[in-house]
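Listed here are the chains, written in short residue letters.
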Amino acid sequence: MGVRPQLLSASRGCRCRLVSQFLPDLHLREAGRPEACYWWEQGARQDDPESCYQFGKLLYLGQGISQDTERAVLLLEKAVDASYEPAGAELAKPEIPYHLGLAYLSGRQVGLDAAKGLAYLQRAIDLGSVDALYEMGCRQLEGKNVARDELGGVLKIERAAHQGHKEAGYLLEQVPIQCALGKAYRTGYRDVEKDFSKAAKYLEKSASSFNAEAMYYWAEALERGLGVPKNEEKAARFLEASNAGGFEPAKTKLQQNPGIWRTLGYSYARDENWENAYRCWIQCAVDDMDAKRELALLLWEGKGCPVNRPRALLIWERYADRVDWASERMREPEVLYGLGMLYIWGDGAEYCPRDLKKAVDYLKRSSEMEYPQAIYRLGCLLFDDKNRP
């Protein structure tokens, strides 16, 4: 008795077992499908667990029928729900719950069920599925069907990349991902402990590509020596760049810590970039004496700014009784002569009013140091009785 007559005469419950028994003897028939495929599909349509299991496996492998992974795993799930043990064994393989998770998250062949889909993905992760790990990481990163969790997402992507997942490896080279990983290792996250060395590695890569947020945290690492040698000048440069990139915490930090501008000024001065040095020192000159000193020198010499000797002279005069650098300049005959001339003419409200008494005093002090121009100018001033103090 051939296979087909036995199948036709058998009850529906026996057909699946008969097909399994005679499967090695079956060949392609009718539209290129194995006869087994045909009968198992009929049984699966009637929710027969054995047929669901067998037809699901054929669909999953694409044997004798076009591969349809999503439909396959949903049939295997039906068999599991009917307590068919062989199907339960299939569900213990990481790739099956992974594809079930995708099926429920896509909602193409079954109703969308995010909770069920995520549960299957997590089950696949627990079973060691790298694909599920990557998928869950991407969904957490984007907030797709799950609460957005940037740090948790990138940590999963990193784990997948380290396990050889190509797409995860590609993402790991992307600047925003490197920045997020740097933040995760900088503070620690859930079961991931702080690791300043790893944080520094990721933040440096991202900062070197001008990511404003990464530059801020990389500056912090350099400033405090977290995972890298301490370098305050380099830190100040990256913080300034982060501010220029529009990262608000960088702007706030610069406003609250004017000393950073002083550090920046010295950094630019070492490169003989006087325009930027002047720009930085003027930012903090109101409260920072070192910045005032450097600013006065630039104004005197016209480095990085137009020459403005009156302003430099008044800085030295104002702080001569407070700091050594100003009192030392006030012992120079050229400076005393300059102040004398400044007070002869005055300079309106911007700098100082005319004061002949001060002018004579400064010119006398400069003349006593045998400064020729001061001697001549003092004589001219005193020649007119009106100018004598």
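You'll find the structure just up there.
Nothing here was measured: the structure is a model prediction, and the numbers come from that model.

Trainee: Looking at this structure, how should I read the overall build of the protein chain?
Mentor: Tallying secondary structure elements over the protein chain gives 24 helices and two strands in all. Considering only residue pairs separated by 6 or more positions, the protein chain has 44% of its internal contacts joining residues 24 or more positions apart. In the form shown here, the protein chain has an accessible surface area of approximately 20400 Å², with 48% of it arising from carbon and sulfur atoms.

Trainee: Before we go on, may I ask you to explain the nonpolar core in this structure?
Mentor: Buried together is how nonpolar side chains tend to be arranged in soluble globular proteins. Counting residues in each nonpolar core, the largest one holds 68 residues, and the members touching the most others are Trp218, Trp316, Met330 and Leu339. Among the elements that line this core, the one with the most residues is helix H14 (residues 212-224), at nine residues. Dropping the residues within four chain positions of it, Trp218 is found in contact with Ala200, Leu203, Glu204, Ala207, Val228 and Phe238.

Trainee: Is there a simple way to explain the packing of H14 against helix H15 (residues 232-244) in this structure?
Mentor: Two quantities define a packed helix pair, namely the angle between the helix axes and the distance between the axes. Relative orientation of the contacting elements H14 and H15 amounts to 160°, with a least axis distance of 8 Å. Viewed along their axes, H14 and H15 adopt a mutual orientation that is roughly antiparallel. Judged by the twist between their axes, the crossing of H14 over H15 is left-handed. Along its contact with H14, which presents Ala212, Met215, Tyr216, Trp218, Ala219, Leu222 and Glu223, the element H15 presents Glu232, Lys234, Ala235, Phe238, Leu239, Ala241 and Ser242. Of the residues assigned to the contact of H14 with H15, the class counts are ten nonpolar, one polar and three charged.

Trainee: Please explain the pattern of salt bridges as it appears in this structure.
Mentor: Where charged atoms of side chains with opposite charge meet at close range, the side chains can pair. Within this structure, the stated rule accounts for 24 salt bridges. Note that Glu77 is salt-bridged to Lys116, the shortest N-O span being 3.5 Å. With Glu77 in helix H5 (residues 69-81) and Lys116 in helix H8 (residues 114-126), the pair connects residues that are 39 residues apart, well separated along the chain. The class of Glu77 is buried, set by a relative accessible area of 5%. In this structure, the salt-bridge partner of Asp271 is Arg237, at a minimum N-O distance of 2.6 Å. With Asp271 in the loop between helix H17 (259-270) and helix H18 (274-284) and Arg237 in helix H15, this pair connects stretches of sequence that are 34 residues apart. Through salt bridges with shared partners, a single ionic network connects Glu41, Arg45 and Arg71.

Trainee: I keep staring at the environment of Gly227 and nothing clicks. Help me out?
Mentor: For Gly227, the location among the structural elements is in the loop between H14 and H15. With relative accessibility at 40%, the residue Gly227 sits in the partly exposed group. Considering only alpha carbons, one finds Gly227 and Lys198, 29 residues apart in sequence, at a separation of 7.7 Å. Not counting residues up to four positions away in its chain, the partners in contact with Gly227 are Phe196, Ser197 and Ala200.

Trainee: Looking at this structure, I do not really get helix H10 (residues 150-162). What am I missing?
Mentor: Because each turn of an α-helix spans 3.6 residues, side chains separated by three or four positions in sequence point in the same direction. Taking 1.5 Å per residue, 13 residues should reach 18 Å; H10 reaches 18 Å between its end C-alpha atoms and fits that length. For H10, every residue scored as buried is listed here: Leu151, Gly152, Gly153, Val154, Leu155, Lys156, Ile157, Glu158, Ala160 and Ala161. Looking at the packing, one finds that the buried side of H10 touches helix H9 (130-142), helix H11 (166-171), helix H12 (175-187) and helix H13 (196-207). Looking one or two residues past H10, Gly164 carries a phi angle of roughly 95°, positive in sign.

Trainee: Just checking my understanding: could you explain unusual backbone geometry for this structure?
Mentor: Keep in mind that most residues, glycine aside, have a negative phi and that most peptide bonds are trans. One non-glycine residue, Ser83, lies in the positive phi region at around 65°. Within the secondary structure layout, Ser83 lies in the loop between H5 and helix H6 (85-91). Among the residues examined, Ser83 registers a relative accessible area of 61% and is labelled exposed. A positive phi is found at Phe210, a non-glycine position, where the angle reads about 70°. On the secondary structure map, Phe210 appears in the loop between H13 and H14.

Procedures and definitions
Residues numbered from 1 in each chain as written. Predicted model: local features only at pLDDT ≥ 70, side-chain atom pairs only at ≥ 80, totals over all residues. Heavy atoms only, no water. Helix = DSSP H or I, 4+ residues; strand = E, 2+ residues; numbered from the N terminus. Contact = heavy atoms within 4.5 Å. Areas by Shrake-Rupley, 256 points an atom, 1.4 Å probe, with all protein chains shown as cover. Core = buried A, V, L, I, M, F, W, Y, C linked by side-chain atoms within 4.5 Å. Buried < 20%, exposed > 50% of the residue type's maximum accessible area, 1.4 Å probe, protein only. Axes fitted to C-alpha atoms, helices over the stretch in contact; angles between N-to-C directions. Parallel < 35°, antiparallel > 145°, perpendicular 65-115°, else oblique. Left-handed = near helix turned anticlockwise from the far one by under 90°. Nonpolar A, V, L, I, M, F, W, Y, C, P; charged D, E, K, R; others polar. Salt bridge = Lys/Arg side-chain N within 4 Å of Asp/Glu carboxyl O. Expected span 1.5 Å × (residues − 1).

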